[in-house]
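Single-letter residue listing:
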Amino acid sequence: MGLIYKSEKWLKEVLFGCQTCGQCILSHTALICPMNCPKGLRNGPCGGTLDGKCEVIPEIDCIWTKIETRKRKKDYKLHLPPKEELFNTASYVNLFNGKDRETRLPHDFVDTGHIPAGSRLAAKMGGGEFVVTLEIASPRDARGLSRVEKIMQRVAGLVDAVNTTTNAGGVPSLHSTETGKVVAAHGVESIIQFCGRDHDKDDFLREMEKAMGMGYINFLLLTGDWLPQTERKVAQTTWFPMDSSQMIHFANKSLVDWRDRLGVVPFLGCAANPFSTPMPVSVERLAFKRTAGARFCQTQAITHVPTYVEWYRQVRAGRDDEPKLTIPSLPLVGSRNLFEVLCRLPGVYVDPSLHRIMERDSFQRDCLEWAFEIAEGVIEAGAAGIHAMNFGMPPDLINEFLAGIRGRATEARRRAGLVFKAAES
Ligand code: SF4
């Protein structure tokens, strides 16, 4: 290792906790080294941070929350994934020979707002229609698809789209596209999930094209949760290949090519966490992803309406003429064990009101009524729809929720005097 590398490494480790990525972006991250993020994000924070703490190592502050809090100038420019071949090399040398140019300098986003996405979900949301989506966790293997089939037989006529997860919570499962086949067989659109944890750029774009070839058109692009079996530490070996904003950018940049070559324009979605603090960082993070090309957003689970209402007010500030494309997620809780799972999910804030309900004998029915109340609250604030996430609620109560929510949404929108503008989606 050369002298330049050794002296740079020593000095920058002392000053910035340098992780020797070889493509330094300190001048763009308020002199805070982002590679101390366990996921190695070059654009953050991820949705797992709560109270400014890291999802992966809760004892430490979220690096990206610190960066975004300290950065005075908010620039909507993207950093690309770092090149592995530059790890453990001298970034001063790479700066001089230009090897780090592509990954050191921020990149402009591409505006594709004029290209309409081609899904029914996009058309409904663009037309201001209230939408209902449901989350179905992909089974570990094909035997579990019969469970998905039973769910679809019950809910097919009550939902506009179904999110089928991939490796939810980092637990290996069938891919979203496999589970999506059962959903499609009932004439319902899927929302396919890809995680930056699982793909590098080329592999991701290949998988996107494969999924579009299978008829899928709605995509939720996520950074991804930490893998439970992976040691919780900061190391080059655990850095994720991509973050969600990079995935959205790469897909967005491919829209014209996909439209012309495949005849498909996918509806790109992102996630957001209204409960991450400080709130302006979370609001900015969504604006960043929207500028990257995200057309709709599904939030983290909502358990406290006033926080969501304030967050959404900030999100909508100065954007009255733009369509409302945010779908808050709602936990439908019907099992005490699965309630514990909800409480442990990264980035999820569980309001004391739900903890109190879980102490009652009638908690299942009471959780349903609680869910309707939360739903009406976020709808009155302008939600474009509701995303139902099941945590063990009995099938009949889930159906009662899905069958009843549209009527309540119409009433809530009327009460709030909300008019949803149709727009190019
Ligand atoms: S993993 Fe997430 S929460 Fe942790 S430092 Fe990185 S962006 Fe922040």
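What counts, and at which threshold
- Residues numbered from 1 in each chain as written.
- Predicted model: local features only at pLDDT ≥ 70, side-chain atom pairs only at ≥ 80, totals over all residues.
- Heavy atoms only, no water.
- Core = buried A, V, L, I, M, F, W, Y, C linked by side-chain atoms within 4.5 Å.
- Buried < 20%, exposed > 50% of the residue type's maximum accessible area, 1.4 Å probe, protein only.
- Near = heavy atom within 4 Å.
- Nonpolar A, V, L, I, M, F, W, Y, C, P; charged D, E, K, R; others polar.
- Domains from an automatic or database assignment.
- Buried area = accessible area lost by both parts, 1.4 Å probe.
- Polar contact = N/O pair within 3.5 Å; in protein donor to acceptor, adjacent residues only side chain to side chain.
- Helix = DSSP H or I, 4+ residues; strand = E, 2+ residues; numbered from the N terminus.
- Contact = heavy atoms within 4.5 Å.

Trainee: Just to check I follow, could you spell out the nonpolar core for this structure?
Mentor: Buried together is how nonpolar side chains tend to be arranged in soluble globular proteins. Formed by 105 residues in total, the largest nonpolar core has its most connected members in Phe204, Met208, Leu221 and Phe401. In this structure, Cys37, Cys46, Cys62 and Ile67 belong to the second largest nonpolar core, which totals eight residues.

Trainee: Explain the site of the ligand to me, please; I cannot follow it from the model alone.
Mentor: Around the ligand sit Cys37, Pro38, Lys39, Leu41, Pro45, Cys46, Thr49, Cys54, Glu55, Val56, Cys62 and Ile63, and that is every residue in its neighbourhood. Among the residues making up the shell around the ligand, the classes are represented as nine nonpolar, one polar and two charged.

Trainee: Would you mind going over the domain arrangement of the chain with me for this structure?
Mentor: By a widespread convention, an interface's size corresponds to the accessible area lost as its parts come together. Looking at the chain, the domain boundaries give domain 1 (2-104) and domain 2 (120-416). Centre-to-centre, using C-alpha coordinates, domain 1 lies 29 Å away from domain 2. Overall, the association of domain 1 and domain 2 removes approximately 2,800 Å² of surface from exposure, summing both partners, and the carbon and sulfur fraction of that is 62%. Run the count over domain 1 and domain 2 and you get 18 residue pairs in polar contact (both at pLDDT 80 or more). Residue assignment for the side of domain 1 that touches domain 2 shows that the elements contributing at least two residues are helix H2 (63-70) and strand S1 (77-78). Split by residue class, the side of domain 1 that touches domain 2 holds 14 nonpolar, 14 polar and eight charged.

Trainee: Looking at this structure, I do not really get the side chain of Glu376. What am I missing?
Mentor: Positionally, Glu376 belongs in helix H15 (residues 363-380). Side chain to side chain, Glu376 and Arg408 meet in a polar contact 3.1 Å long. Dropping the residues within four chain positions of it, Glu376 is found in contact with Arg408, Ala412 and Arg415.

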